[in-house]
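What follows is each chain in one-letter form.
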Amino acid sequence: MADKPISFPQSISVNDLSIILTNGQSVNIRRLLVDLSYFEDLYSFAVSGYMHLRDGLGIIEKLNLSGVETIRIQFDFTETQKRKTQYFRLYTIPSRDPIGPMNSEFIKLYFCSEELFLSEQTKVTKSYNTEISTIINTILNENLKVDKNKKSINVDSTYGTYNFNIPTLKPFETISWLSIYALPKESAYTNPGADMLFFENVDGFYFKSLRNLYKQPIFQIYTYQQQNIAGQNLGALETNALDLEFIKAFNSLEDIESGTFANRLITLDPITRKVKTTDFNYNNYKEQKLNPGSVLDETQNKLGKTQTQEPIGKLKLAISNSGQKNQPWSRLVNGYGVAHDIQIEEFVPKRTAQIALANYTLVKLKVPCNPYLKVGQVINFKLPSILTRELDSNYSGNYLITAVRHIIRPEGGSESIIEIAKDSEVATTNVVNNSLG
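To start, this report covers the structure provided alongside it. Note that this is a predicted model, so its numbers are computed, not measured.

### Describing the nonpolar core
With 32 residues, the main nonpolar core has Ile-132, Ile-136, Leu-140, Phe-164 and Phe-207 as its most contacted residues. Mapped onto this core, the elements with two or more residues apiece are strand E8 (124-130), helix H3 (132-143), strand E9 (152-155), strand E10 (162-169), helix H4 (171-181), strand E11 (196-201), strand E12 (204-209) and helix H7 (344-358). With 5 residues, the top contributor of residues to this core is H3. Look past the residues within four positions of Ile-132 in its chain and what remains in contact with it is Thr-158, Gly-160, Tyr-162, Phe-164, Leu-178, Tyr-181, Ala-182 and Phe-207.

### Notes on the sheet that holds strand E16 (residues 262-269)
Strands sit in the order E17-E16-E18 across an open sheet of 3 strands; the sheet is mixed. At either margin of the open sheet sits one strand with a lone partner, and together these are strand E17 (274-281) and strand E18 (315-319). The sheet shows a mean angle of 20 degrees between the axes of neighbouring strands, taken without regard to direction. Those strands touched by H7 are E16, E17 and E18, and its axis lies near 155 degrees from that of E16.

### So, the environment of Asn-28
Residue placement: Asn-28 occurs in strand E2 (residues 26-28). C-alpha of Asn-28 to C-alpha of Asp-16: the two residues are 12 residues apart in sequence and 7.3 Å apart in space. A distance of 2.8 Å separates the side chain of Asn-28 from the backbone nitrogen of Arg-30, its partner in a polar contact.

### Topic: the side chain of His-340
In this fold, His-340 is placed in the loop between E18 and H7. Polar contacts involving the side chain of His-340 include one to the side chain of Asn-129, which spans 3.2 Å. Residue contacts for His-340: discarding those within four places in its chain leaves Asn-129, Thr-161, Tyr-162, Asn-163 and Asn-321.

### Quick word on unusual backbone geometry
Here Asn-64, not a glycine, exhibits a phi torsion of approximately 55 degrees, which is positive. Inspection of the secondary structure assignment puts Asn-64 in the loop between helix H1 (59-63) and strand E5 (70-76).

### What to know about the sheet that holds E11
Reading across the sheet, the 3 strands line up as E9-E12-E11 and stay open at both edges, with mixed pairing between neighbours. Looking at strand neighbours, the two that pair on one side only are E9 and E11, the edges of this open sheet. Direction aside, neighbouring strands of the sheet carry axes that sit 15 degrees apart on average. As paired strands, E9 and E12 are joined by 4 bridges and run parallel to one another. Note that in E12 the partner of Val-155 across the bridge is Phe-207. With respect to the sheet, H3 is in contact with E9, E11 and E12, its orientation differing from that of E9 by roughly 165 degrees.

### Thoughts on the packing of aromatic side chains
On inspection of all chains with the given rule, the structure shows 21 aromatic pairs. Between Tyr-50 and Tyr-110 the ring centres are 5.3 Å apart and the planes differ by 40 degrees, which places this aromatic pair in the tilted class. Here Tyr-50 is found in strand E4 (residues 48-55), whereas its partner Tyr-110 is found in strand E7 (residues 104-112), with 60 residues between them in sequence. When its relative accessible area of 13% is taken as the criterion, Tyr-50 is described as buried. Here the aromatic rings of Phe-261 and Tyr-360 are separated by 6.1 Å at their centres, their planes lie at 65 degrees, and the arrangement is edge-to-face.

### Some details on the pairing of strand E13 (residues 218-223)
Counting buried positions over the 6 residues of E13 gives 5, a clear majority of the element. Looking at chain direction, E13 and strand E20 (residues 378-382) are connected through 5 bridges and run parallel. The partner of Gln-220 across the bridge, within E20, is Ile-379. Bridge count for E13 against strand E14 (residues 238-240) is 3 bridges, and the pairing is parallel. From the neighbouring strand, Ile-221 faces E14, where its bridge partner is Glu-238.

### Comments concerning the pattern of salt bridges
Enumeration over the complete set of coordinates arrives at 15 salt bridges. Of the charged contacts, one joins Arg-409 and Glu-415 as a salt bridge, the two residues approaching to 3.9 Å between their closest N and O atoms. For Arg-409, a relative accessible area of 29% translates into the label partly exposed. Through salt bridges with shared partners, one network takes in Glu-115, Lys-151 and Glu-200.

The rules we used
Residues numbered from 1 in each chain as written. Predicted model: local features only at pLDDT ≥ 70, side-chain atom pairs only at ≥ 80, totals over all residues. Heavy atoms only, no water. Core = buried A, V, L, I, M, F, W, Y, C linked by side-chain atoms within 4.5 Å. Buried < 20%, exposed > 50% of the residue type's maximum accessible area, 1.4 Å probe, protein only. Helix = DSSP H or I, 4+ residues; strand = E, 2+ residues; numbered from the N terminus. Contact = heavy atoms within 4.5 Å. Pairing = 2+ DSSP bridges. Axes fitted to C-alpha atoms, helices over the stretch in contact; angles between N-to-C directions. Polar contact = N/O pair within 3.5 Å; in protein donor to acceptor, adjacent residues only side chain to side chain. Phe/Tyr/Trp six-rings, centres within 6.5 Å; stacked < 30°, edge-to-face > 60°. Salt bridge = Lys/Arg side-chain N within 4 Å of Asp/Glu carboxyl O.

What follows is the structure, given as structure tokens:
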């Protein structure tokens, strides 16, 4: 836990909030700020946000704002601890509400990552014959021109060489499409998954597998309990959550429809004219988990089958080329086939299950504002049981942060709202009293 937990939201401030004009001039608008909301999402490609300003200076007219300006933001909470300075593109001003006799107004400014703006303006039209991780690195460096002085690029290596012709897609659309095919290299020969995700947080751009994200140390411990209770004693590294909302619990019907524990893929190779059936069984897949327990119940249905023994509940059809490289009439100079195997029998069944399982339990927490919270981190959440003095084993445990919203208010009351997800439960044995009276 490299950064100190934040316990007092009133200590958070915006150290720098400036508009950088096209001529390079920087105008500090921090004194106009009413509140600022900053967003990160594990399943989105870029950071975004908006701010409310109370303007009595006429900055829209005075600065001739037109949506090509840069926003510079830095949060801090002490003289020595300051969050990394970030740069965004100002892209719209959707509302202007006059105050009083037109001598001031409330205005709302929206901003996003410069790379998102650039991705909407350009296309990728190119042929590649390499690893997916190499292609993504190329797109970030050459197509999106990521400034490494401002943002880092963290791309995990992937397994396999692919022949891809990108058919005129936007850079972020291309990365999203490639992510579906990607297999983490470190597990390719043992138990390959297909859980690669592309996202941006305060540090920069990431292309990481869920299993690697799960391996991280716990950044922060949050406990949800009533405050000001006699004898209450939070640990030194624990912070009390201010509010709690359960977004998603188990849903057995949805688990069947999404193929979380079992699914079937039928592939057709139009060149070799062969059909192949691939079944996914959660019990045969040893994945990295956030917690030692399992969410799987092995109860049998009326047909004598468990959840993992009915793959037909989620059926997918796809075109494959897995057998082409072994055909003598299709081999080239070095023994390779017409095209590299796209590994469709590997990534489709496993990604179908892994992405669904990664969001098996979803919780939203409102916590004291901590500008060091970011998507992709692992936290520990403690929810006291209403039955015992222990913790609720269904909802307590390690979680992955999947979304963050920092709300900064200069006048006080700043907060962070985080959405957290987990794929497994804390291993425990619950003894249920048969009397509920």
